[in-house]
Amino acid sequence: MTFEALGLHASVLKALTESGYTTPTSVQAQAVPAAIAGRDLLVSSQTGSGKTAAFMLPALHKFALEGDLPQTEAGRTANQEAQSARSRGERPRFKAAQPKMLVLTPTRELALQVTTATDKYGSFMRRVKAVSILGGMPYPKQMQLLAKNPEILVATPGRLIDHMESGKIDFSQLEILVLDEADRMLDMGFIDDIEKIVAATPATRQTMLFSATLDGVVGNMAKRITKDPLVIQIAGSTNKHENIQQRVHFVDDLSHKNRLLDHILRDETMDQAVVFTATKRDADTIADRLNIAGFAAAALHGDMHQGARNRTLDGMRRGQVRVLVATDVAARGIDVPAITHVVNYDLPKFPEDYVHRIGRTGRAGRNGLAISLVNHAEGMNVKRIERFTKQLIPVDVIEGFEPKRTASAARPSHKPGGWKPGDNRGAPSKPGQRTFSKPGAAPRKEGSSFSKGPRTGDTGARRSFSDR
Ligand code: ADP
Ligand code: MG
């Protein structure tokens, strides 16, 4: 299967060659022809499977075809009008932006990534402009972007609503609506905003929805906003992450956990890592501590200004930051191919977040390692994750870092440096290999960490969702 065979416009194909893409991923192979044919899509496939291109390539193809036609459209000349008004010394009338495509994403980082990918895939097209409209961006800057009347708008729902309601954006010309990571947007409470935005778009639009799951609330919304959609579910891939090795390490206390973290990050196979914490405060504290210990670490969380977040992510992409210490929401959708390790310093509060977290490694078919540092009292939380992913996570012990409590239950199988990215032979464990859930091994006696008071333990569940 080639991109040519999918029927994409020559300018899009050129950009793909330039980007080093040779073969479509399976989600792209299924989504692109259907989207070109104008169908609505409901897609679930695992993170890193190339969903951005799955919706952006057919859209760019469409705009490229329109660009091949003689330019008759008045809408695109708004900017020139404004310019000539200015040259006549008149104050230009503000004209609402009339995008042809809208991509909604749950977070700013994700929106910026989609915009960057769009610039890449559209780099050989004569005129196609994509801009992101995000919370935290200065208002004049946003007005400046909207004044360019971009074809493609990438936005988080909240900020978009503000502009819609103040008449800065007119969706009457909208042709394509994309909801990226729709399940996350609903989890984050954006449902009313999304409904409002959808209601402002023409019924004739093409709608493409991407989500980890198409059940439940997402499925209901999907049914309401799409017409005769083609449903693409990449078989069993949602939670499998077969190219990502997963491990649990039991820890006795915070100092044990910190020593283990340092050890993991010193692994010679580590290229870049993301360390997940339960709270923003912990992200800062741990990033500071790691920096003092000589790691090039940086924190990423929702309390940081957008500029600082962008600088951190740029540093990550350029390899200047090797360890990113992040909270769930901030790290959603981060796509840095050199991330070899994901460390759950705290377990996530929701099993779904576990899947999103480990998906930060093993991008574009590479191999990755996902390590969870788990308190003895958190065995139940590991089980919940295993039930959700339908996979058992092997318990591992590193020589010199054996936990006192479960030393007998875990098998010391891991030799430091034994695994390399690109080495998939030490494959994820099979059911039955596991040892940690042996009767009597789970130290439930001291009670679930959920019931402990704040900051006494180091569990992943002591704060509310809004604190993340
Ligand atoms: P998803 O949204 O499914 O998590 P992304 O769209 O972020 O995945 O893509 C993941 C990574 O794979 C990105 O780095 C992207 O550039 C790369 N990628 C996407 N499609 C291809 C392809 N056909 N060939 C090679 N790399 C690809
Ligand atoms: Mg994506």
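Residues numbered from 1 in each chain as written. Chains lettered and ligands numbered in written order. Predicted model: local features only at pLDDT ≥ 70, side-chain atom pairs only at ≥ 80, totals over all residues. Heavy atoms only, no water.

(A) Expanded view of the overall build of the protein. The helix and strand tally for the protein stands at 16 helices and 13 strands. Relative to its full complement of 468 residues, the protein shows a buried share of 56%. Within the protein, residue pairs in contact and separated by at least 24 positions form 77% of the contacts whose partners lie at least 6 positions apart. Taken as a whole, the protein presents about 20100 Å² of accessible surface, with 53% of it coming from carbon and sulfur. (Helix = DSSP H or I, 4+ residues; strand = E, 2+ residues; numbered from the N terminus. Buried < 20%, exposed > 50% of the residue type's maximum accessible area, 1.4 Å probe, protein only. Contact = heavy atoms within 4.5 Å. Areas by Shrake-Rupley, 256 points an atom, 1.4 Å probe, with all protein chains shown as cover.)

(B) How the structure looks around the confidence of the model for the protein. Looking at the protein, the pLDDT average stands at 82 and 80% of residues meet or exceed 70. Note that residues 407-468 has pLDDT below 50 and, in this model, 113 contacts with residues that lie over four places away or in other chains. (pLDDT = per-residue confidence, 0-100.)

(C) View of the packing of aromatic side chains. With the rule as written, the count across this model stands at three aromatic pairs. Ring centres 6.5 Å apart and planes at 35° place the aromatic pair Phe-3 and Tyr-21 in the tilted group. Here Phe-3, found in the segment before helix H1 (10-18), pairs with Tyr-21, found in the loop between H1 and helix H2 (26-36); they are 18 residues apart in sequence, far enough to count as distant. For Tyr-21, a relative accessible area of 27% translates into the label partly exposed. (Phe/Tyr/Trp six-rings, centres within 6.5 Å; stacked < 30°, edge-to-face > 60°.)

(D) Quick peek at the site of ligand 1. What surrounds ligand 1 is a group of 17 residues, the closest being Tyr-21, Gln-28, Gly-48, Thr-52 and Asp-335. Between Thr-23 and ligand 1, the recorded distance is 2.9 Å, taken from a backbone N or O atom to a nitrogen atom. Within the backbone of Gly-50, an N or O atom sits 3.1 Å from an oxygen atom of ligand 1. Calculation on ligand 1 without its partners gives an accessible area of 570 Å², and the protein chains cover 84% of this total. Partitioning the shell around ligand 1 into residue classes produces four nonpolar, nine polar and four charged. Both domains that furnish three or more residues to the shell around ligand 1 are identified here as domain 1 (4-71 + 79-237) and domain 2 (243-467). (Near = heavy atom within 4 Å. Polar contact = N/O pair within 3.5 Å; in protein donor to acceptor, adjacent residues only side chain to side chain. Nonpolar A, V, L, I, M, F, W, Y, C, P; charged D, E, K, R; others polar. Domains from an automatic or database assignment.)

(E) Quick look at the pairing of strand E2 (residues 101-104). Here E2 shows two buried faces, one formed by Met-101 and Val-103 and the other by Leu-102 and Leu-104. Both E2 and strand E5 (residues 176-179) contribute to a ladder of four bridges, which runs parallel. Bridged to Val-103 within E5 is Val-178. (Pairing = 2+ DSSP bridges.)

(F) Layout of helix H12 (residues 280-292). An ideal rise of 1.5 Å per residue puts 18 Å on 13 residues; H12 measures up with 19 Å between its terminal C-alpha atoms. Here H12 has its buried residues at Lys-280, Asp-282, Ala-283, Ile-286, Ala-287 and Leu-290. Along H12, the residues classed as buried sweep out an arc of 155° about the axis, all on the same side. Facing away from the buried side of H12, by more than 90 degrees, are the exposed residues Arg-281 and Ile-292. Immediately downstream of H12, the backbone of Gly-294 shows phi near 100°, a positive value. (Expected span 1.5 Å × (residues − 1). Arc of directions from axis to C-beta.)

(G) Spatial organisation of the sheet that holds strand E7 (residues 230-233). Sheet architecture is open: seven strands sit in the order E3-E4-E2-E5-E6-E1-E7, paired in parallel fashion. If you trace the sheet from one side to the other, it starts and ends with strand E3 (130-133) and E7, each paired once. Between one strand and the next, the sheet's axes are offset by a mean angle of 15°, whatever the strand orientation. Relative to strand E6 (residues 206-210), strand E1 (residues 41-44) is paired through three bridges, and the arrangement is parallel. Across the sheet, the residue bridging to Leu-42 is Leu-209, located in E6. (Axes fitted to C-alpha atoms, helices over the stretch in contact; angles between N-to-C directions.)

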